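Observations on the three-dimensional arrangement
One letter stands for each residue in the lines below.
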Amino acid sequence: MPSRAASLRMKRPSFSVSVTTASQLHDAIDRLLPLLRADASHAPAARALAAAAASLRPPSTLLSNRVLHLLSSHQATLPDALALLSSLPSPDVCSYNTLVAALARSPRGLASARAMFDRMPRRDHVSWSAIVSAHARHGQPRAALELYRRMLREPGTAGADNEFTASSALAAATAALCARAGRELHCHVVRRGIDADAVVWSALADMYAKCGHVDDARSVFDRMPVRDVVSWTAMVERYFDAGRGGEGFRLFVRMLKSGVRPNEFTYAGVLRACAGFTSEKLGRQVHGRMAKSRAGDSCFAESALVHMYSKCGDMGTAMRVFEAMRKPDLVSWTAVISGFAQNGQPEEALRYFDMFLRSGFRPDHVVFVGVLSACAHAGLVDKGLEVFHSIKDEYGIEHTADHYACVIDLLSRSGQFERAEEMINKMSVKPNKFLWASLLGGCRIHKNVRLARWAAEALFEIEPENPATYVTLANIYASVGLFDEVENVRQIMESKGITKMPASSWIEAGKRVHVFLVGDKSHPQAEEIYALLKKLYVKMREEGYVADTGFVLHDVEDEQKEQDIGYHSERLAVAFGIIATPGDSPIKVFKNLRICGDCHTTIKFISRIVKREIIVRDSNRFHHFKNGSCSCKNYW
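It should be emphasised that the depicted structure is a prediction, and the values quoted were computed from it without experimental measurement.

Procedures and definitions
- Residues numbered from 1 in each chain as written.
- Predicted model: local features only at pLDDT ≥ 70, side-chain atom pairs only at ≥ 80, totals over all residues.
- Heavy atoms only, no water.
- Helix = DSSP H or I, 4+ residues; strand = E, 2+ residues; numbered from the N terminus.
- Buried < 20%, exposed > 50% of the residue type's maximum accessible area, 1.4 Å probe, protein only.
- Contact = heavy atoms within 4.5 Å.
- Areas by Shrake-Rupley, 256 points an atom, 1.4 Å probe, with all protein chains shown as cover.
- Lys, Arg positive; Asp, Glu negative; His and termini not counted.
- Salt bridge = Lys/Arg side-chain N within 4 Å of Asp/Glu carboxyl O.
- Polar contact = N/O pair within 3.5 Å; in protein donor to acceptor, adjacent residues only side chain to side chain.
- Phe/Tyr/Trp six-rings, centres within 6.5 Å; stacked < 30°, edge-to-face > 60°.

Side note on the overall build of the protein
Counting its secondary structure elements, the protein contains 33 helices and six strands. Dimensions of the protein, computed from C-alpha atoms along their principal axes, come out at roughly 105 × 70 × 55 Å. The 636 residues of the protein split such that 52% are buried. Relative to all contacts within the protein whose residues are 6 or more apart in sequence, the contacts with residues 24 or more apart total 63%. Entry remark: accessible area of the protein is about 30,100 Å², with carbon and sulfur atoms responsible for 54%.

Brief notes about the side chain of Asp 618
Relative to the helices and strands, Asp 618 resides in the loop between strand S4 (614–617) and strand S5 (622–626). Comment: no salt bridge for buried Asp 618; closest opposite-charge side chain is Arg 594, at 5.2 Å. Within the structure, Asp 618 has its side chain in polar contact with the backbone nitrogen of Asn 620 (distance 2.8 Å). Here His 623 takes part through its side chain, which lies 3.4 Å from a polar atom of the side chain of Asp 618.

Describing the pattern of salt bridges
What the rule picks out here adds up to 31 salt bridges. Note that Arg 272 and Glu 237 form a salt bridge whose closest N and O atoms lie 3.3 Å from each other. With Arg 272 in helix H16 (residues 264–276) and Glu 237 in helix H14 (residues 229–241), this pair connects stretches of sequence that are 35 residues apart. Between Lys 426 and Glu 422 there is a salt bridge, with the nearest N and O atoms lying 3.1 Å from each other. Here Lys 426 and its partner Glu 422 are both found in helix H25 (residues 417–426), four residues apart, which amounts to about one turn of the helix. A relative accessible area of 43% means that Glu 422 is categorised as partly exposed. It is possible to trace a salt-bridge network through shared partners that takes in Arg 114, Asp 118, Arg 123, Arg 150 and Glu 154.

Remarks on the packing of aromatic side chains
Overall, the coordinates contain 22 aromatic pairs when judged by the stated rule. Centre to centre, the rings of Phe 353 and Phe 356 are 6.2 Å apart; their planes meet at 25 degrees, and the pair counts as stacked. Remark: Phe 356 and Phe 353 occur in helix H21 (residues 346–358); sequence separation between them is three residues, near one turn of the helix. Across the pair, Phe 356 and Phe 353 agree in class, each one buried. Here the aromatic rings of Trp 436 and Trp 454 are separated by 5.0 Å at their centres, their planes lie at 75 degrees, and the arrangement is edge-to-face. Of this pair, Trp 436 sits in helix H26 (residues 433–446) while Trp 454 sits in helix H27 (residues 449–462), placing them 18 residues apart in sequence. Judged by relative accessible area, Trp 436 falls into the buried class, the value being 7%. Relative accessible area serves as the criterion here: at 29%, Trp 454 is assigned to the partly exposed category.

On their own, these measurements won't tell you what the molecule is for.
Okay, here's the thing in structure tokens:
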């Protein structure tokens, strides 16, 4: 029986060299080029063709350049291409361009590409575009911009100043995040009259958006002579990337009215935004439009649907979409596993991970983040550690900072701080902010002041202006009676001008989103909301509810000392949901911070009293309240 490697060699396409004329050589190069690009084992055939071409007298420049192109298409034969260039009696600009582009494919070859570029007797727009874009691509955007300026200064380069080099320079300004240089280029291309090209328009809009000037990007978009589905999709996503969801959604609606048909990338981008902004109603409308469109059959778009529904707390619909997919891909499996983890169903997340492995897919590092998160939310320490060690030992994947963050979350939630500290000290990668935040969260649960200080100090270095770290640390101090330390933290915040993020909750009802703050009485139905809460509190006390007033003094995140604990933002949103939504539908509330312990207890009582399912998504996870119980099993 031949080995697997031998079997692969037998299946590899063979190539024999038997050519005697220039025409045969051209045909042979056409056939060999894709083979060599895919497999270095065809290098001997490429060298034989080069020798055959050299034997023709006189060899034409065209044929020599074709051979150069062939030899430079793979790293294995690149030295042969360089040797051939040196032997050519009269290489032209195309000969040099081929080698400059080949050398510039990798960061290690950039210096050699630049040296060859500088030696060229003549350069055209291809030469300049290749060297400018290579510097931008390999992390030297300012050098790329200087090369473009040099091109404009050099005599005889007017022909090189066209849409190709301008687009390369704009890409460099984008990579450098230099809006000033981008504006200069914008003025230049308008003066030169090379702004009619669609690629230049797209590069301009991209530059402004990446540099934080989305309104300028929109201005460029509005002036585009031709706007196809790609340009519309890109502009919609620029708004989403800038956190301006409302404008992104409005532009998407305008796109539909303009007659441009969205493709799978448009739908996927809009659905991702619906997930990020928890806009399930709009997501369902997009789903309906997708169902009528052939783009809705794309696995890419369907995976985005699964992700959107799971992020909006509707795993039932997410699973119906997933199960209807003809051939789920890695992204859709990941969305399902992570969705179950976030929605308080860790057993289902692990079950689907097992199904995923049995289906023949090879997991990547992202899937494991979802699995480890499920273990952390369920307190499955042994299972989580087993999965963590299998990542490298069984699948050969290097652990990422996110993998470590999940395991530290798992260990610190369960109070196993010695193991967590040991793992952090032995990590193979640098801890990220999510790891330190996980450790700090575990310290909050178990009142571990020593490690809380360690985690907080690390977070102060990474993101010194984030108020959540200061607030959580102050709450930990307050929970153990260290009120001098609490005051010290508050003074530091005041001296640095750091203010606490106000807690807010929101709910979709009717055709709008209703937002509530703690003690909020600005809502038109505030009187009715407060009256309902008072009635509910009477019934709750009859059933044994006792308020945990500790949360009035030092709330988990940001509502400490904020009026009465009975009117936290999530309670107001839940009460409004009871009033404003049909009695048979789940009440879905979203909160920007972590739900406090007393609110968690209160909503469990309310779910039983009103006989409604109440779903609350806080900054950490989903809580599905039903019949007086929560999906998190009080472990969050």
